Each structure stands twice: as structure tokens, then as C-alpha cells.
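# Secondary and tertiary structure notes
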Amino acid sequence: MSEIYDVAVIGGGPVGIFTAYYASMRTLKTVLIESMPQLGGQPQQLYPQKKIYDVGGQFAVTGAQLITNLLETDERFLYDRMLATTVQGFTATPQGYVIQTNKSTVQARAIIITVGNGPIQPRKLACDYDPHLEGKQINYFVSDLEDYRDQTVLVAGGGDSAVDWALEISHYAQQTFLLHRRSTFRALESSVQQLAHSKVQLLVPEIIKACQLTADQRLAVTYQTIKTTTTHQIIVDKLLVNYGMTADSRLLRKWQLQLAGPFIQVNSTMHTNLPYIYAAGDAVCYPGKERLITLGWAEGPIAVNSAINDLKITKAPAGHSSSLFN
Ligand SMILES: Cc1cc2nc3c(=O)[nH]c(=O)nc-3n(C[C@H](O)[C@H](O)[C@H](O)COP(=O)(O)OP(=O)(O)OC[C@H]3O[C@@H](n4cnc5c(N)ncnc54)[C@H](O)[C@@H]3O)c2cc1C
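Residues numbered from 1 in each chain as written. Predicted model: local features only at pLDDT ≥ 70, side-chain atom pairs only at ≥ 80, totals over all residues. Heavy atoms only, no water.

Our next topic: the overall build of the protein. When you go through the protein residue by residue, the secondary structure sums to six helices and 22 strands. Looking at the protein as a whole, 49% of its 326 residues qualify as buried. In the protein, once contacts between residues fewer than 6 apart in sequence are set aside, the share between residues at least 24 apart is 57%. The centroid of the 27 positive side-chain charges in the protein is displaced by 5 Å from the centroid of its 27 negative side-chain charges. (Helix = DSSP H or I, 4+ residues; strand = E, 2+ residues; numbered from the N terminus. Buried < 20%, exposed > 50% of the residue type's maximum accessible area, 1.4 Å probe, protein only. Contact = heavy atoms within 4.5 Å. Lys, Arg positive; Asp, Glu negative; His and termini not counted. Charge placed at Lys NZ, Arg CZ, Asp CG, Glu CD.)

We now examine the sheet that holds strand 16 (residues 231-236). Reading across the sheet, the three strands line up as 14-15-16 and stay open at both edges, with antiparallel pairing between neighbours. The outermost strands of the open sheet, each flanked by one partner alone, are strand 14 (206-213) and strand 16. With strand direction ignored, the average angle separating the axes of adjacent strands in the sheet is 25 degrees. Relative to strand 15 (residues 219-225), strand 14 runs antiparallel, the two sharing seven bridges. What sits directly across from Glu-206, in strand 15, is Thr-225. (Pairing = 2+ DSSP bridges. Axes fitted to C-alpha atoms, helices over the stretch in contact; angles between N-to-C directions.)

Moving on, we come to the sheet that holds strand 10 (residues 138-139). The strand order 10-17-11-12-13 describes an open sheet built from five strands, whose pairing is parallel. With one partner strand each, in any of the chains shown, strand 10 and strand 13 (201-203) form the two edges of the open sheet. Pairing geometry for strand 12 (residues 175-179) and strand 13, over three bridges, is parallel. Its bridge partner lying in strand 13, Leu-178 is registered against Leu-202.

As a further point, take the packing of aromatic side chains. For any pair of aromatic rings, geometry is given as the distance between the ring centres together with the angle between the planes. With the rule as written, the count across this model stands at six aromatic pairs. Each ring, one from Tyr-21 and one from Phe-77, has its centre 5.4 Å from the other, and the planes form 65 degrees; the classification is edge-to-face. Here Phe-77 lies in the loop between helix 3 (63-71) and strand 5 (80-82) and Tyr-21 lies in helix 1 (residues 14-25), a separation of 56 residues in the sequence. Looking at Phe-77, the relative accessible area reads 8%, which means it is buried. Here a set of aromatic residues connected by ring pairs shows up, and it is made of Phe-18, Tyr-21, Phe-77 and Trp-297. (Phe/Tyr/Trp six-rings, centres within 6.5 Å; stacked < 30°, edge-to-face > 60°.)

So, on to the packing of helix 1 against helix 6 (residues 293-311). In the contact formed by helix 1 and helix 6, the axes pass within 8 Å of each other and the chain directions differ by 35 degrees. The crossing of helix 1 and helix 6 is right-handed. Residues Pro-14, Val-15, Phe-18, Thr-19, Tyr-22 and Ala-23 of helix 1 form the contact with helix 6, whose own contacting residues are Ile-293, Gly-296, Trp-297, Gly-300, Pro-301, Val-304 and Asn-305. Counted by class, the contact of helix 1 with helix 6 contains nine nonpolar, four polar and no charged residues. (Left-handed = near helix turned anticlockwise from the far one by under 90°. Nonpolar A, V, L, I, M, F, W, Y, C, P; charged D, E, K, R; others polar.)

The next thing to look at is the UniProt feature "binding site: FAD" (unreviewed entry) in the protein. When the UniProt feature table is mapped to this numbering, "binding site: FAD" (unreviewed entry) covers Glu-34, Gln-42, Tyr-47, Val-87, Ile-120, Asp-282 and Ser-322. Sequence-wise these annotated residues cover 289 residues; spatially they are dispersed, their C-alpha atoms as much as 35.4 Å apart. The annotated residues that sit in the lining of the largest pocket are Tyr-47. Locating Gln-42 in the fold gives a position in helix 2 (residues 41-45). When near neighbours in sequence (up to four residues on either side) are disregarded, Gln-42 contacts Tyr-47, Asn-117, Ile-120 and Asp-282. Assignment of secondary structure puts Tyr-47 in the loop between helix 2 and strand 3 (51-52). With residues up to four places along the chain from it excluded, the contact list for Tyr-47 reads Gln-42, Ile-52, Gly-63 and Ile-293. (UniProt positions renumbered as here; feature names shortened; annotations may be inferred. 1 Å grid on protein atoms, 1.4 Å probe; cavity = no way out; pocket = protein on both sides within 12 Å on 5 of 7 lines; lining within 4 Å.)

Right, here's the structure in full:
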């Protein structure tokens, strides 16, 4: 905990990413903290394939491509990133704040909160299972496709993510099954067509009822045909669950912030009611607020410049980026 950041940005959605980037451009020592193993927030997790038409200069960009573009930078504009790290709370100190996360603590002089609707988490399996199996036999994310090489894999889910991963994994795995509670998939038509001609074996309409470790460390998955009492069992090496994502705004209520419903009240300079704590993006409200990416991108720099003023960091006034290195 020795390092003291000028600013910690909490939440790595599109607004948090741009805010951290802008803070780094203004040469603040910056850390971006995100609860998911991957940056990108709603566009990355909820609608990666959907096209976005209201972001200037990026016509019909998909959610995933927007995030890839946002993460593009060079060595001049770097900031630290802490992934799979959920901020639980923060405590004021003479130097600023100590931020408590599920992993460690982080110290920062100022905080910018860009948490959207709260930590995005994968929707979990609806049956009881030993939590120790997570990250081993039962997974909610793919960190490395090589983990699936020559394995028997069951992918569960019916959306874009499940279909895309089943197709991708089928190039590595010995056998790939895709289980869904409906007989049709809610994925891009081209992906569904690809699925029909792939090696992926479909288990539909089925629902998972139980998962148990076998004596040889594999996973016995019991599933039931919808609207029947017929059950089946399959033994796999890995189960990848893609049931979509959920967000939980309850954490915000513990942070002593002035809220309006689930949103943080800010003024036109993105100040919250707490000193050296600012907020931006979907998490905030003020008269006229719209939950749009571009609006959040405007709020981020306002918050950063407010922090610079309040911290009395001597810097040139905010100017145009084109004048930065003249
Ligand atoms: C289906 C859909 C379509 C949309 N289409 C458009 C569109 O076309 N155009 C448009 O402008 N907007 C669109 N939006 C809205 C847009 O996605 C949001 O306005 C935008 O994502 C807000 O960005 P954000 O960074 O404020 O929040 P988010 O994208 O929600 O990101 C917040 C991040 O903070 C993380 N986080 C939360 N709590 C913590 C914590 N305690 N510790 C660490 N990390 C935390 C979350 O995991 C998440 O990654 C759409 C939204 C949806 C759901």
C-alpha cells in the first residue's frame, strides 16, 4: 500500500476507461479499478455485438469494438489497472482516502466513481454446487482457450456469448456440447448458422439440475428436459456457464454518498457531497442527465479537472490535447 495515487477511478466501463485515460493525459498518477476480469462495462459485457450509432466519429461501432478502440493508447498516457477487484468502501485519511477492495487496499488523494449500476457479475448456475469448483471445473469466463484443449466441454447458455464460445472452443476441445433451455438461440443469425455446421453437439431444451465432482476430478452434470421429468447425465472436464450478467447497485448505499434513488447526486463540476470524491457516467444524476456514453465521456474530464483544482496540483489549465506536446 506504499504508493499514493493522485486519483483512483472506480469502475472500468466506457466512462471509467476514458476518465482514467484523461487523468493520465493530465499527468495524474492514476489507477483504474474494475470488478470484472475484463474492462469495458455494459458495452463489453451486455451488448458486445450490438451496433452503436450515437457515438460521434465511430459509425455503427459494436460494443466490443468501442472498448477495443477506447483501450488504445501509447506510452505517454498510461494508467495502472486493477482487474477482478471490487471496491468495498473507502476511509478518509490525512492524505486522501484508503480504498478497501476484495483483494487489498489502495491509497489515493482523490476518487472518481464511475461504477454504472454497480459491479457487473455473471449470472450464476441455478443449482447448488461446491464453490471450490469455480475456476476449475466450473467457469464463468474464458481466460485461455488452451485450457480447453482436448477436453470434453459443456457450454451452457443461449445468447451470443454462449454460441460464440461454443464455436470457438470446438476448435480446441475433443468434444463440445451446448446446452440451452430453449430450442432456439438468441444469437447473431450468422453465428447460429455456423453452429448448425459445426462440431458442437446441442442439448436442447434442457436445464442443468446438479453438478458434482467425480472420483477422477471430472464433473457429472445432471440436466432435465424442459416440461418433463426426464433427467440425463453427462461427464465433462469443464462446464462454461454463459447465462448473462447482472449488476447490483446496493454497494453504493454504504458509501455515505448523497443519493437520489440508486444514483449519486453531483453538481455541474461532478462533485459529490464528499470531499475529493467525484462521480461520472451512468452512476450519477443531475438535472438533464441522460444515460449515454458520450455524456459520460464529457463528465469524466470535468471530474478530473475538478480534482486537479481541489488538490491544488499545479498544472496548466485544461487545454486542447493538440497543444500538449508543443
Ligand atoms: C442493451 C444496452 C444498449 C445500450 N446502447 C447504447 C447506445 O447505443 N448508446 C449509448 O450511448 N449508450 C447505450 N447504452 C448505455 C451505455 O452502455 C451506458 O450509458 C454506459 O455503459 C455507461 O458507462 P459507465 O462506464 O458509466 O458504466 P458501466 O458501463 O455500467 O460500467 C461500470 C463498470 O464499473 C464496474 N464496477 C461497478 N461497481 C464496482 C466496484 N464496486 N468496484 C469495481 N468496479 C465496479 C462494473 O463492473 C462495470 O464494469 C446501452 C445500454 C444497454 C444495457
